[in-house]
Amino acid sequence: MRIRQAEPEDAHGFGAALGYKEVSRRFFKGVLRGRRVRVREAGPDDAAALARLLAELGYPNEPERVAGRVGRFAADPSSRFLVAEDGGELVGLASASVMPLAHEDGSWCRLSALVVAEGRRRAGAGRALVEAVEAFARERACGLVEVTSGERVEREAAHGFYAALGYEEVSRRFLKEV
């Protein structure tokens, strides 16, 4: 799950110092099959579309509750709630937060949610969102981006997607309600 060391420019023409806003302005030639995906921060007006996307991820939500979360992300400088638009339509989302570490210097960035609408997958929106999260992580001097994904059959394609982007499976996760 280590972030690739950025070179002066990678295969998509992104410089190491570019931020996620700049990433959204670039065109992934050949990856997006002639379309332009724009990545931006989510806003309260996106709540209904975000609720639909979260339901596709397996987390049904009411738009009002999603709008509240968008506001909390916007108020937290160590977090981002990003959306991908393709042709003016909201087709994907990603959320990420920086976590300071006790066991080493620095921070990690946790990519806590990523989904692209089912009919819009494999067209570059997911890659654009992950690139934007990685740029945010670099801006915040994070050493790693961590992704968690459930061990369910319906997540196997997502696991392959993360592996194709250079993420590696390294640990387990334990949860407990409090």
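Residues numbered from 1 in each chain as written. Predicted model: local features only at pLDDT ≥ 70, side-chain atom pairs only at ≥ 80, totals over all residues. Heavy atoms only, no water.

Student: What am I meant to see in the overall build of the protein chain here?
Tutor: Summing up its helical and strand segments, the protein chain has five helices and five strands in all. Scanning the protein chain from its N terminus toward the C terminus, one meets helices and strands in the order α-β-α-α-β-β-β-α-β-α. Put simply, the protein chain has 178 residues, and 43% of those count as buried. For the protein chain, the proportion of contacts with a sequence separation of at least 24, taken over those separated by at least 6, is 59%. When the accessible surface of the protein chain is split by element, carbon and sulfur atoms take 50% of a total near 10,600 Å². (Helix = DSSP H or I, 4+ residues; strand = E, 2+ residues; numbered from the N terminus. Buried < 20%, exposed > 50% of the residue type's maximum accessible area, 1.4 Å probe, protein only. Contact = heavy atoms within 4.5 Å. Areas by Shrake-Rupley, 256 points an atom, 1.4 Å probe, with all protein chains shown as cover.)

Student: For this particular structure, what's the right way to read the nonpolar core?
Tutor: C109, L111, L129, V133, V145 and Y167 are the most contacted members of the largest nonpolar core, which totals 26 residues. The element that contributes the greatest number of residues to this core is helix α4 (residues 125–139), accounting for eight residues. Counting 17 residues, the second-largest nonpolar core is a separate cluster that includes L53, L54, V66 and V83. (Core = buried A, V, L, I, M, F, W, Y, C linked by side-chain atoms within 4.5 Å.)

Student: Even after reading the chapter, I still don't get the pattern of salt bridges, so can you show me in this structure?
Tutor: Opposite charge on two side chains lets them pair, provided their charged atoms get close. Summed over all chains, the structure comprises eight salt bridges. Across the salt bridge formed by E85 and R38, the nearest N and O atoms sit 2.8 Å from each other. Note that E85 is positioned in strand β2 (residues 79–86) and R38 in strand β1 (residues 37–41), a separation of 47 residues in sequence. For E85, a relative accessible area of 13% translates into the label buried. R38 sits in the partly exposed class, given a relative accessible area of 44%. A salt bridge links E89 to R120; the shortest N-O distance between them is 2.6 Å. One end of the pair, E89, is in strand β3 (residues 89–100); the other, R120, is in the loop between β4 (107–116) and α4, with 31 residues separating them in the sequence. By relative accessible area, E89 is classed as partly exposed at 43%. Look at the salt bridges and you will find they share partners, linking R38, R40, D46 and E85 into a network. (Salt bridge = Lys/Arg side-chain N within 4 Å of Asp/Glu carboxyl O.)

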